[in-house]
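Chain by chain, the residues:
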Amino acid sequence: MKIIRSVRQMQSHCRILAANGKSIALVPTMGFLHEGHLSLIRKAGKLCDRVITSIFVNPTQFAANEDFSRYPRDEKSDLAKIKKAGGDVVFIPKAKDIYPDNFQTFVDVQKLTRTLEGNVRPGHFLAVATIVAKLFNITRPDVAIFGMKDYQQAIVLKQMTSDLNYPIRFVIAPTVREKDGLAMSSRNSYFTTEQRKEAVCLYRALRRAKVMASENISDLNAIRTDMERVIKSICPTAEIDYIAFTDFESLEPLMTIRKNCICSLAVRLFNVRLIDNMKLL
Ligand code: PAF
């Protein structure tokens, strides 16, 4: 497995791969890999000749009050996991090469980023779209794979891929969950064992919404109230940022449950902010 840290070297490696007729899949990550990331790498291996995994904790997508400095990092363990999952190349750029002095170009996906996470984390998607566009430009992949756990991110990046005419097949892979249903996330590592048990409240609330939707309850306020009750009954100190019901593709808010309705939520537990989502119908 090849480890590349220079942007130039990564560009020339990808040019050589393409010249030799090898298809490239890109799995962008911020490291501290878990089974969710590894499932993306394995899927990528089935779709292309070569899999590039990028590891870059992108400083610009964290607001000043967020967890950039304490975001978990473990390069050695990440490299071992990527190798085992069948990765071919790991791209680990330096922040000063990605954002040299005088950097001033950003990619703004407009409508889709002005809701949900975009409302609570202004500037976040501007930074995510920019770094992913840069990774696309550097690696020129045929396929790019993102996880459904960050589903707004996936929808935003899919739009960017189409709007900017990247010739990339955009794949969104299902969320990988722990045994109790908690969506895998590098941020789960912040919890103590006791706190971790309560983190299941997001999944349980989503399950409750899905059951209610399947029972033809379409009153979103009733569903939201029940979800809040489920969350508080499992984690009394939880602070709910939002529980939203939107159209899966357009992210437009819905007034009632209907086909393609996705419920997404963001909850702060013990100073850790988690997000999750579930398609209801
Ligand atoms: O989902 C992530 O880990 C990040 O937002 C991404 C897509 C790697 C961009 O930094």
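Figured I'd write up the structure that's included with this text. All values derive from a computational prediction rather than experimental measurement. (Residues numbered from 1 in each chain as written. Predicted model: local features only at pLDDT ≥ 70, side-chain atom pairs only at ≥ 80, totals over all residues. Heavy atoms only, no water.)

**Quick notes on the pairing of strand β6 (residues 169–173)**
Move 1: As paired strands, strand β5 (residues 143–147) and β6 are joined by five bridges and run parallel to one another. Among the inter-strand pairings, Val143 is bridged to a residue of β6, identified as Arg169.
Move 2: For the crossover from β5 across helix α7 (residues 151–163) to β6, the handedness is right-handed. (Pairing = 2+ DSSP bridges. Helix = DSSP H or I, 4+ residues; strand = E, 2+ residues; numbered from the N terminus. Right-handed = clockwise from strand over helix to strand, strands pointing away.)

**Describing the packing of aromatic side chains**
Move 1: In total, this model carries eight aromatic pairs according to the counting rule given.
Move 2: Consider the rings of Tyr151 and Phe248, whose centres lie 5.7 Å apart with planes at 15°: the pair is stacked. With a gap of 97 residues between them, Tyr151 in helix α7 and Phe248 in the loop between β7 (239–247) and β8 (261–269) connect regions that are remote in the sequence. Both residues of the pair, Tyr151 and Phe248, belong to the buried class.
Move 3: Through a chain of ring-to-ring contacts, the aromatic side chains of Phe56, Tyr99, Phe103 and Phe106 assemble into a single cluster.
Move 4: Cation over ring: Arg70 sits above Tyr190, and NZ or CZ is 4.0 Å from the ring centre.
Move 5: Over the ring of Phe68 we find Arg73; its NZ or CZ atom is 5.0 Å from the centre of that ring. (Phe/Tyr/Trp six-rings, centres within 6.5 Å; stacked < 30°, edge-to-face > 60°. Buried < 20%, exposed > 50% of the residue type's maximum accessible area, 1.4 Å probe, protein only. Lys NZ or Arg CZ within 6 Å of the ring centre and 35° of its normal.)

**Section: the pattern of salt bridges**
If the charged atoms of two oppositely charged side chains come close together, the side chains can form a pair.
Move 1: This model, assessed by the stated rule, comprises 17 salt bridges.
Move 2: The salt bridge partner of Glu252 is Lys111, with a shortest N-O separation of 3.8 Å. Separated by 141 residues along the polypeptide, Glu252 in the loop between β7 and β8 and Lys111 in the loop between α4 (95–98) and α5 (117–120) bring together distant segments of the chain.
Move 3: What makes Glu252 partly exposed here is its relative accessible area of 38%.
Move 4: Given the relative accessible area of 67%, Lys111 is considered exposed.
Move 5: With a shortest N-O distance of 2.6 Å, Asp241 and Arg273 are connected by a salt bridge. (Salt bridge = Lys/Arg side-chain N within 4 Å of Asp/Glu carboxyl O.)

**Observations concerning the sheet that holds β5**
Move 1: Reading across from one edge, β1-β4-β3-β2-β5-β6 is the order of the six strands in this open sheet, with parallel pairing throughout. Of all the strands in the sheet, just β1 (2–4) and β6 have a single pairing partner and so form its edges. Adjacent strand axes in the sheet meet at a mean angle of 25° when their direction is disregarded.
Move 2: Pairing of β1 with strand β4 (residues 89–91), which is carried by three bridges, proceeds in the parallel orientation. Looking at the pairing, Ile4 lines up with Phe91 of β4.
Move 3: Helix α6 (residues 124–139) rests against β2 (24–29), β3 (50–55), β4 and β5 of the sheet, and its axis sits at about 150° to β2.
Move 4: Running over the sheet, α7 touches β5 and β6 and is turned about 170° from β6. (Axes fitted to C-alpha atoms, helices over the stretch in contact; angles between N-to-C directions. Contact = heavy atoms within 4.5 Å.)

**Re the pairing of β5**
Move 1: Among the five residues of β5, four are classified as buried, and the element is accordingly described as predominantly covered.
Move 2: The pairing of β2 with β5 spans two bridges and is classified as parallel. Considered in β5, the bridge of Leu26 is made with Ala144.

**With respect to helix α9 (residues 201–214)**
Helical periodicity: at 3.6 residues per turn, an α-helix aligns residues three or four positions apart in one direction.
Move 1: With 14 residues, α9 should cover 20 Å at 1.5 Å per step; its first-to-last C-alpha distance of 20 Å lies within 8% of that length.
Move 2: Listed as buried for α9 are Cys201, Leu202, Tyr203, Ala205, Leu206, Ala209, Met212 and Ala213.
Move 3: Summarising the contacts, the buried residues of α9 are in contact with α8 (193–198), α10 (220–234), β8 and β9 (272–279). (Expected span 1.5 Å × (residues − 1).)

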